Amino acid sequence: MYQVYKLTFGDYVYIGCTNNIRRRKNQHNENARNRKSKLGRFLDDKSIVLRVDDFEILAASDNRAEILKLEKKITVQNEQEGHKLLNDNYSSDCSRKGKNIGNTSKTFFVIDCHDHTAVKVTDLRQ
């Protein structure tokens, strides 16, 4: 069962999804110890150690794709409502999978070893 969860710290929020809340809690706390991710640095700066009770479950489903779409939708809604997001992706300042960053994205080359040709692509779906 996949779940969308919310962590609230005053005006700051983090929206995430997981299929194991206890494991995710431990990952967030480990990220805080190592100062990895935006949320990890925030937790470390504020000396916050997460507990399972801190996770507010917003939705649950067996369909992972559905939950991931809902996570993005809820994250964007929270940002539009004026909450300060602690998410690394989906927020307006994201430079990864949650935001279209246009021509600054990575460039890939598809190499055909048989014909000795290379084709430049910016979208791997090409």
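See the structure printed just above.
A short tour of the structure in this document, coming up. (Residues numbered from 1 in each chain as written. Predicted model: local features only at pLDDT ≥ 70, side-chain atom pairs only at ≥ 80, totals over all residues. Heavy atoms only, no water.)

Here we take up the nonpolar core. The biggest cluster of nonpolar side chains holds 12 residues, and these are Tyr5, Leu7, Phe9, Tyr14, Ile21, Ala32, Leu39, Phe42, Leu43, Leu50, Phe55 and Leu86. Breaking this core down by element, the ones donating at least two residues are strand E1 (2-9), helix H1 (21-34) and helix H2 (38-45). For Tyr5, the contacting residues outside a window of four places in its chain are Tyr14, Ile15, Gly16, Cys17, Thr18, Ile21, Arg24, His28, Phe55, Glu56, Ile57 and Leu58. If you look at the next biggest cluster of nonpolar residues, it comprises five residues, including Val4, Ile15, Ala59 and Ile74. (Core = buried A, V, L, I, M, F, W, Y, C linked by side-chain atoms within 4.5 Å. Buried < 20%, exposed > 50% of the residue type's maximum accessible area, 1.4 Å probe, protein only. Helix = DSSP H or I, 4+ residues; strand = E, 2+ residues; numbered from the N terminus. Contact = heavy atoms within 4.5 Å.)

Moving on to the pattern of salt bridges. In the structure shown here, the tally under the stated rule is five salt bridges. The salt bridge involving Arg35 is made with Asp45; its shortest N-O contact spans 2.8 Å. You can see Arg35 sitting in the loop between H1 and H2 and its partner Asp45 sitting in helix H2, a full 10 residues away along the chain. Overall, the relative accessible area of 54% leaves Asp45 in the exposed class. Ionic pairing is found between Arg51 and Asp53, a salt bridge with its closest N-O pair at 3.9 Å. (Salt bridge = Lys/Arg side-chain N within 4 Å of Asp/Glu carboxyl O.)

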